[in-house]
Amino acid sequence: MTEERKTNTPETEAVAESKNFTRTAQKLNFSQPTVSQQVKKVEIFFGGTSLLTRSAVSRQIELTEAGEAVYRCAKKVLGTLEDTFGELDQIRHSAAVQRLEIGASMTIGDHMLPRVLAAFCGRYPDVRAGVLVGNTREVCDALEDGRIDVGLIEGRDIPHSFQRTDFYTDHLVLAASPALAGELGDASPGRLGKVLWITREQGSGTEQYLDSFISSNHIRVENRIEYNSNFAIKEVVKQGLGVCFLSRLVMLDELRSGELVELPVRSSYTRDFSYILPNDRPLPDAAGVFLDLLGEVCATFSGG
């Protein structure tokens, strides 16, 4: 586009619509001679073609046939320019919006992350957060593949090498329905080995700690059912079908209401929740802010 067309066409369009040089000058905050000069430049640009004529009847400015053609095309060009600037503004705005992709294992994702995200989004509403919830292995794989920026996990055995920092100590408890707890009595290893165990699936951080608990207490589990949902495990155990070994955070409401009962064990069992970061790529600025808030919010939890 030449400088004459970019600068002068709007003035010519304004004259065509108002049909008066004086009103056009007032509208554009130009002098009348300036408007006339701009129109003349457009006519020169189009080979000296006369675009305007003065009506002998009304004394208003009218478009010639050539002026009508230029006016129609100018409207299309200016409309296209406006659309182009609009799209560029959207692209610039989109690039300015920060994104943070977070992965969380299920206990953290279901019972801690909502409170952290509420605080984060309240302070930084312009940051768009995406969340992936899976087991520890799935979160690690997503971080390795670059699908998330930060991972929050509960398992210790992870399949990749990351920067790892603990941020919360979680308490794991053995639980059953009140009726089954009464039948088990002192929950000896022999009795526990014969009941049905409702457990998490392979790759889950909770499942890793369960295996350690069973081994250290010399329990020979005869039968177990695996679920990939903490909620489903709680519902099955509440029906009296077996026992479970889960985070106290997961069962806090049921333990308080008496729907589930904590079974006696030889000692308390804890694990650390950790955040993991990639070793080989930079983090979004929002990640540091999120991790600071993670520590603040998790200090308010009392699930232990």
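Not measured: the values here are computed from a predicted model.

J.: Just checking my understanding: could you explain the nonpolar core for this structure?
T.: One broad trend across soluble globular proteins is that nonpolar side chains are buried collectively. Within the largest apolar cluster, 27 residues are counted, with the highest numbers of intra-cluster contacts made by Leu100, Leu152, Phe167 and Phe290. Of all the elements in the fold, those that place two or more residues in this core are strand S3 (99–105), helix H6 (113–123), strand S5 (150–153), strand S6 (163–176), strand S11 (269–277) and helix H13 (285–298). Of the residues forming this core, the biggest block, eight residues, is contributed by H13. Residues contacting Phe167, with those up to four places away along its chain left out, are Ile108, Leu152, Phe273, Ser274, Tyr275, Leu294 and Cys298. Core analysis: the second largest hydrophobic core is formed by 19 residues, Leu172, Leu174, Leu180 and Leu263 among them.

J.: Before we go on, may I ask you to explain unusual backbone geometry in this structure?
T.: The general pattern is negative phi for most residues beyond glycine and trans for most peptide bonds. Phi angles above zero are rare outside glycine, and Ala187 is one such case at about 55°. Mapped onto the secondary structure, Ala187 falls in the loop between helix H8 (178–184) and helix H9 (189–194). Residue classification places Ala187 among the buried positions, given a relative accessible area of 8%. The backbone phi angle of His218 is positive, close to 55°, even though this residue is not glycine. Secondary-structure assignment places His218 in the loop between helix H10 (205–216) and strand S8 (223–227). Overall, His218 belongs to the exposed group, its relative accessible area being 63%.

J.: Can you walk me through the pairing of S11 in this structure?
T.: Counting buried positions over the nine residues of S11 gives seven, a clear majority of the element. Direction of pairing for S5 relative to S11: antiparallel, over a ladder of three bridges. What sits directly across from Gly151, in S11, is Ile276. Two elements, S6 and S11, share nine bridges in a ladder whose sense is antiparallel. Note on S11: the bridge partner recorded for His171 is Thr270.

What counts, and where the lines are drawn
- Residues numbered from 1 in each chain as written.
- Predicted model: local features only at pLDDT ≥ 70, side-chain atom pairs only at ≥ 80, totals over all residues.
- Heavy atoms only, no water.
- Core = buried A, V, L, I, M, F, W, Y, C linked by side-chain atoms within 4.5 Å.
- Buried < 20%, exposed > 50% of the residue type's maximum accessible area, 1.4 Å probe, protein only.
- Helix = DSSP H or I, 4+ residues; strand = E, 2+ residues; numbered from the N terminus.
- Contact = heavy atoms within 4.5 Å.
- Pairing = 2+ DSSP bridges.

Any functional reading would require information beyond the geometric quantities listed.
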